[in-house]
Amino acid sequence: MFENFTDAFANVWSIDTVVVLFLGVAIGTVVGAIPGMTSVLGVALALPFTFTMSPVMGILLLLGIYKGGMYGGSIAAIIARAPGTPAASCTILDGAPMAQKGEARRALEMALYASCIADFISNLALIVFAGWLASLALAFGPAEYFTLIIFSLTVAAGVAGDDLLRGLASAALGLMVATIGLDLIYGTERMVFGITELMEGLNFVPVLIGLFAIPEILKQFTKRQSMAIEINPLAGKSVNFAEFRRCLKTIFRGSLIGVVLGAIPGIGGITAAFLSYSEAKRTSPNPEVFGTGEIEGVAAAESGNNGTAGATLIPLLALGIPGDVVTAVILGAFMIHGLRPGPIMFQENLDVILALFMAIMLSSLFLFVVGKICIRLFSRIAEIPAGILSPAILVLCVFGVYSVNNSTLDIFVMVAMGFAGYLMALMRLPPAPFLIAFVLGPPFEDAFRQSMLLSHGSPSAFFGSAVNWVFWILTILSLTMVARQRFSSAPMKRQSSVPETKQE
Amino acid sequence: MYLLHNSHIRVGASLVLLGAIWTFFMLPSGVVLPARVSIPTVAPDFWPTICGYTLMVLGAAIAVRAWFGSKSGGQNDVQITDTWDMDLPLREAATRVGAAGAIILAYTLVIETLGMPLASSLAFIALSFLAGERRYVLVISVSLFLPIILFLFFTRAASVPIPLGITEALV
């Protein structure tokens, strides 16, 4: 144990690691500040650049981008009224009116303070709960993993889009694509059609980048060039201590909401931000000022959103289950570096886990520094024209995808997945369940087949333990809740003319 | 005729069709089965078959729900383009997306012949102009600068042999 601590310490406290984490937070903030660039896209584009790094450095770069992206989204939301990331859409409600009133600086600073505090609390929750959950998961067998993945997929499919059936269909497509390659038990080919490069299955990186970057590039061609931003980000006064103290309770409440919702696979920052906002409004003595430029609204939205940042890593590190698309990408990064998150990793690679825990606490501090120094600079980034940005992203994608295996087939896979992703967007099939199912597909099938082998083909294997039953009940409950939520919100949607929020 | 106009029914039908093609045409020809399988549920084609049937069932459910939803005057018969956040006229947007798709496809096809840096520069210029960017100096500068920087990073720092095609003699 002591050896693991010293190894972890040596891993983290090197200048390279600290610089990479800082760079990650800065890149993430830039990416988040650009409307149309999501933190998913940022993490996906950075993934090929991590191949030459050590596992800890590579993962920290991605985590830095993820966390920076969550805050960066609020910059464009406040200044340009265009959420840089989907989760920042709640910040618009009060952030944009504040900017219109000449209080952009206060809004941006409060967003930064709320983000940093929520991120710190979320990181603490990760450190406290991940190990505990991993120790529970050590008792899981293949049947328990099978039911756990079913639960995760149904939750992810249910909350990713505006339609449970479409989410599930998207997940089914992801599971189908994940079966391409050699069969692991019999060693026979599945959907390979004589292409030897396909025997290992479709590579994760081209599928990911194709699914998330190419459709975004194509969508830019359905829009007019973006307009210049007229708001000065340094306009108005700073946040004073009395205001900060007034919002502190809201920030803590939002952080806790973010932690709880972030730890549940599939929920994500959007739900947490809106729930935190509605709680702040409900408990406020002046609920009528929310939506007109109330600083507490910005604090609530940003703390809820950023409260999920560390917590989404709890199921990832403890169970190997990605809570959202970004953590699915990070899971892919772990696998590329030869690591498999889950309870076994806490035993075999504890030094890596501890190094991540140590470094992740630094990310909150770096977020504060980056945000404080660079608000003005990052706000200008939102002005990059789509005519330059989209082609640049495409070129980055092509170089990055090629570098994974030095294979042009991967570029074709990326483009094919991109066109498929665009078609899915037209059909309103959310891409997140597809990707999560694609990542979880192989372990899902393995768990199923191992259970079948152990039980000699009897399905009773999936009902043999209390853990199985817990996950079955949770699956049924989550499906029922999502269905009921959709059913009850349908009449409201018919009357509403508010455009739907883009899902990450 | 009504069926053709309801986009949700079309989506559901497309998913059913895709699931059927996968299950009944692609799996029999694409999955090599071992001579003997002791437990049928462990066979190489069992899991992909389950996925195919699941997709068909979900597609059918989407179509049926849209059918009954529209009959009861619900929102399920809206056209997908009604919620698609494009701000150009549909025909113009479709043309531009089609052209961008063609450029991306051509880009991937000429990478090995022209080399990745040159192909990237040309694709960048074509896509920039298609997007309406008319600052020629900026476009040309970025189209040269970005592929060269990426080429240098991947070849020097990451030791990735980037294909150079006809430009190999220049480097």
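Now for a look at the structure at hand.

### A look at the overall build of chain B
Part 1 of the argument: Within chain B, the secondary structure is distributed over 6 helices and 0 strands.
Part 2 of the argument: Along chain B, from the amino end to the carboxyl end, the secondary structure elements read α-α-α-α-α-α.
Part 3 of the argument: When each of the 171 residues of chain B is scored for burial, the buried share is 32%.
Part 4 of the argument: Here the contacts in chain B between residues at least 6 apart in sequence split such that 62% fall between residues at least 24 apart.

### Examining the interface of chain A and chain B
Part 1 of the argument: Contact residues are listed per partner, giving 60 residues for chain A and 60 residues for chain B.
Part 2 of the argument: Secondary structure elements with two or more residues in the side of chain A that touches chain B: α8 (164-178), β2 (189-190), α9 (204-220), α18 (386-405), α19 (408-426), α20 (431-454) and α21 (466-495) of chain A.
Part 3 of the argument: For the side of chain A that touches chain B, the element with the highest residue contribution is α18(A), accounting for 12 residues.
Part 4 of the argument: For the side of chain A that touches chain B, the residue count by class is 35 nonpolar, 13 polar and 12 charged.

### Quick word on the packing of helix α4 (residues 90-114) of chain B against helix α5 (residues 116-130) of chain B
Geometry of a packed helix pair, given as the angle between the helix axes and the separation of the axes.
Residue and element names in this part refer to chain B.
Part 1 of the argument: The contact between α4 and α5 brings their axes to 8 Å, and the two run at 170 degrees. Between α4 and α5, the crossing angle belongs to the class labelled roughly antiparallel. Contacts between α4 and α5 involve R96, A99, A100, I103, Y107, V110, I111 and L114 from the former and M116, L118, A119, A123, A126, L127 and L130 from the latter.
Part 2 of the argument: Considered class by class, the residues forming the contact of α4 with α5 number 14 nonpolar, no polar and 1 charged.

### Points about α9(A)
Part 1 of the argument: Look at α9(A): 25 Å from first C-alpha to last across 17 residues, which is about the 24 Å you get at 1.5 Å a residue.
Part 2 of the argument: Of all 17 residues that make up α9(A), 17 are buried, and the element is covered over most of its length.

Cut-off values and rules
Residues numbered from 1 in each chain as written. Chains lettered and ligands numbered in written order. Predicted model: local features only at pLDDT ≥ 70, side-chain atom pairs only at ≥ 80, totals over all residues. Helix = DSSP H or I, 4+ residues; strand = E, 2+ residues; numbered from the N terminus. Buried ≥ 20, exposed ≤ 12 C-beta atoms within 10 Å, placed from the backbone. Contact = placed C-beta atoms within 7 Å. Nonpolar A, V, L, I, M, F, W, Y, C, P; charged D, E, K, R; others polar. Axes fitted to C-alpha atoms, helices over the stretch in contact; angles between N-to-C directions. Parallel < 35°, antiparallel > 145°, perpendicular 65-115°, else oblique. Expected span 1.5 Å × (residues − 1).

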